[in-house]
Amino acid sequence: MKISQKVGRPKIIDRNAIIKIALNKYWINGIDKVKISDIAKESGVSRPGIYKEFKDVANLKALTLKEYEKLVAVHYYSSFNTTNDLLNLIETTTKEQLAGKNRMQPYCYFYTTKSLKCTLDDITKKELNRINNKLEKSICVAVAKARKNKQINNILNIKDTAKAINSHFMNMIVMHRAGIPNKEIMNFTKLFIRSLQY
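First things first, this report covers the structure right here in the doc. (Residues numbered from 1 in each chain as written. Predicted model: local features only at pLDDT ≥ 70, side-chain atom pairs only at ≥ 80, totals over all residues. Heavy atoms only, no water.)

### Some thoughts on the side chain of Thr124
- The residue Thr124 is located in helix H7 (residues 122-148) in this model.
- Apart from residues lying up to four places away in sequence, Thr124 is in contact with Ile31, Ala58, Lys61, Ala62 and Leu65. (Helix = DSSP H or I, 4+ residues; strand = E, 2+ residues; numbered from the N terminus. Contact = heavy atoms within 4.5 Å.)

As structure tokens, this is what we get:
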């Protein structure tokens, strides 16, 4: 006797929901500390289902960085591209990050991934570098204006100064993760700002 089996309708995978779940997990725990099984459990999608949708973990990680860019980085691109007060922006951005505004809590996903020097695949590294380069170009715009307005020392090289500012934000994350009090980090920020003026 042949028993007929009903084949259920295949589960519809919400790609965007999985990317957001992965982003939150990577953001909180670190991009190198989360397993696909953790994402599968929270999303209610099987591991094979996630692999089928995203091909591999590298693609999923790169997509979470793109999502991070939409949620957070565009705010910084815009701020640096339009500011007429670079020094104030450096200070307020540091305060925002320490206060956890703009979804920066517990730590900035982008800067944490950079600062921890995680073992990353080529696709994720490429995406990380793309965001980094775009951010530094925006900072260059702000540095050029600040030099022209004599807000900072006009002998400073624009690209080198932009890299230094970008590195400052990463150093701030390292200090924050190390448990250094916010007051000390802000003092460090003020010293950094002074170094750009003289």
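### Re the packing of aromatic side chains
- By the definition in use, this model includes two aromatic pairs.
- Summarising the aromatic geometry, the rings of Trp27 and Tyr68 are spaced 5.8 Å apart at their centres and angled 70° between planes, so their arrangement reads as edge-to-face. Here Tyr68 lies in helix H4 (residues 57-82) and Trp27 lies in helix H1 (residues 15-29), a separation of 41 residues in the sequence. Tyr68 matches Trp27 in its accessibility class, with the two residues each being buried. (Phe/Tyr/Trp six-rings, centres within 6.5 Å; stacked < 30°, edge-to-face > 60°. Buried < 20%, exposed > 50% of the residue type's maximum accessible area, 1.4 Å probe, protein only.)

### Remarks on the pattern of salt bridges
- Under the definition given, this model contains ten salt bridges.
- For Asp32, the salt bridge identified is with Lys33, shortest N-O distance 3.9 Å.
- Residue Asp32 is classed as partly exposed on the basis of its relative accessible area of 38%.
- Linking Glu67 and Lys70 is a salt bridge whose minimum nitrogen-to-oxygen distance equals 3.3 Å. Taken as a pair, Glu67 and Lys70 lie in helix H4 at a separation of three residues, close to a single helical turn.
- Exposure remark for Glu67: the relative accessible area of 12% places this residue in the buried category. (Salt bridge = Lys/Arg side-chain N within 4 Å of Asp/Glu carboxyl O.)

### Some thoughts on unusual backbone geometry
- The residue Lys55 is not glycine, and still its phi comes out positive at about 75°.
- The topology assignment puts Lys55 in the loop between helix H3 (47-54) and H4.
- Positioned with a positive phi, Lys150 is a non-glycine residue whose angle comes to about 60°.
- Examined against the element boundaries, Lys150 turns out to sit in the loop between H7 and helix H8 (158-177).
- Taking relative accessible area as the criterion, Lys150 reaches 70% and is therefore assigned exposed.

### As for the environment of Asn171
- For Asn171, the position within the fold is in helix H8.
- Expressed as a C-alpha distance, the spacing of Asn171 and Ile185, which sit 14 residues apart in the sequence, is 9.4 Å.

### Here's the deal with the environment of Tyr76
- Take Tyr76: it is sitting in helix H4.
- Looking at Tyr76, the relative accessible area reads 5%, which means it is buried.
- A C-alpha to C-alpha distance of 7.4 Å links Tyr76 and Leu135, two positions 59 residues apart in sequence.

### Section: helix H5 (residues 86-99)
- Over its 14 residues, H5 extends 20 Å from the first C-alpha to the last, a length consistent with the 20 Å expected when each residue adds 1.5 Å.
- In terms of residue burial, H5 counts as a mostly covered element, since ten of its 14 residues are buried.
- Turning to H5, its buried residues are Leu86, Leu87, Leu89, Ile90, Glu91, Thr93, Thr94, Glu96, Gln97 and Leu98. (Expected span 1.5 Å × (residues − 1).)

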